[in-house]
Amino acid sequence: MADGRRDGFEEDRVWTGGCLCGGVRYALDTRPEPISFCHCAQCRRQHSHVGAYTGLPRAALRLLSQDTLSWYASSDRARRGFCVRCGAGLFWEALDRAPADGGPRITVTAGSLDDATGLWVERHIFVDHKGGYYDIGDDGVERRASTGEVVA
């Protein structure tokens, strides 16, 4: 691919990751999507700042070790997977599980990937809910409000 952000991309690569203590390990059998920075209040609380997520079909996620994995229903529409030992946030999953454009999906925290080479940030989301203690710099990345609308 011509875009330098995609350097290091390998078509048949298996992506791996896990939590800080190693109690949760996973493999992704497909290339994850570009990264979204989420500025919603829940992500800021869970990650102590913004959340960085990459999405994929739920069927492409294989849990290799899940002894310390727990799920928290953070709202009536989503749950978050995290390690109960080290506290690392790992997954965000919609509870409706069946989007109109395909099967169930899940998002994985970009920071939990062992090697994110070949991924890039595509958008900021929930920018209308960002914390008052920071500004989103002029990074040239698309910005979306909680409504999904692209904002300047």
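Residues numbered from 1 in each chain as written. Predicted model: local features only at pLDDT ≥ 70, side-chain atom pairs only at ≥ 80, totals over all residues. Heavy atoms only, no water.

Engineer: Please set out the nonpolar core residue by residue, giving values where relevant.
Structural biologist: Counting residues in hydrophobic clusters, the biggest one holds 19 residues, and the most contacted among them are Tyr26, Leu28, Leu56, Leu61 and Phe91. No other element matches strand S2 (residues 24-28), which puts three residues into this core. Leaving out residues up to four positions away in the same chain, Leu61 has contacts with Tyr26, Ala27, Leu28, Leu56, Phe91 and Ile106. (Core = buried A, V, L, I, M, F, W, Y, C linked by side-chain atoms within 4.5 Å. Buried < 20%, exposed > 50% of the residue type's maximum accessible area, 1.4 Å probe, protein only. Helix = DSSP H or I, 4+ residues; strand = E, 2+ residues; numbered from the N terminus. Contact = heavy atoms within 4.5 Å.)

Engineer: With reference to specific residues and values, describe the environment of Gly89.
Structural biologist: With respect to the secondary-structure elements, Gly89 resides in strand S8 (residues 89-94). On a C-alpha basis, the gap between Gly89 and Ser70 in space is 10.0 Å, while along the polypeptide they are 19 residues apart.

Engineer: Just give me the short version of the sheet that holds strand S3 (residues 35-38), but keep the residues and values in it.
Structural biologist: One open sheet accounts for nine strands, arranged S6-S7-S8-S9-S4-S3-S10-S11-S12; its pairing is mixed. Edge strands, defined here as strands with exactly one partner in the open sheet, are strand S6 (69-72) and strand S12 (150-151). (Pairing = 2+ DSSP bridges.)

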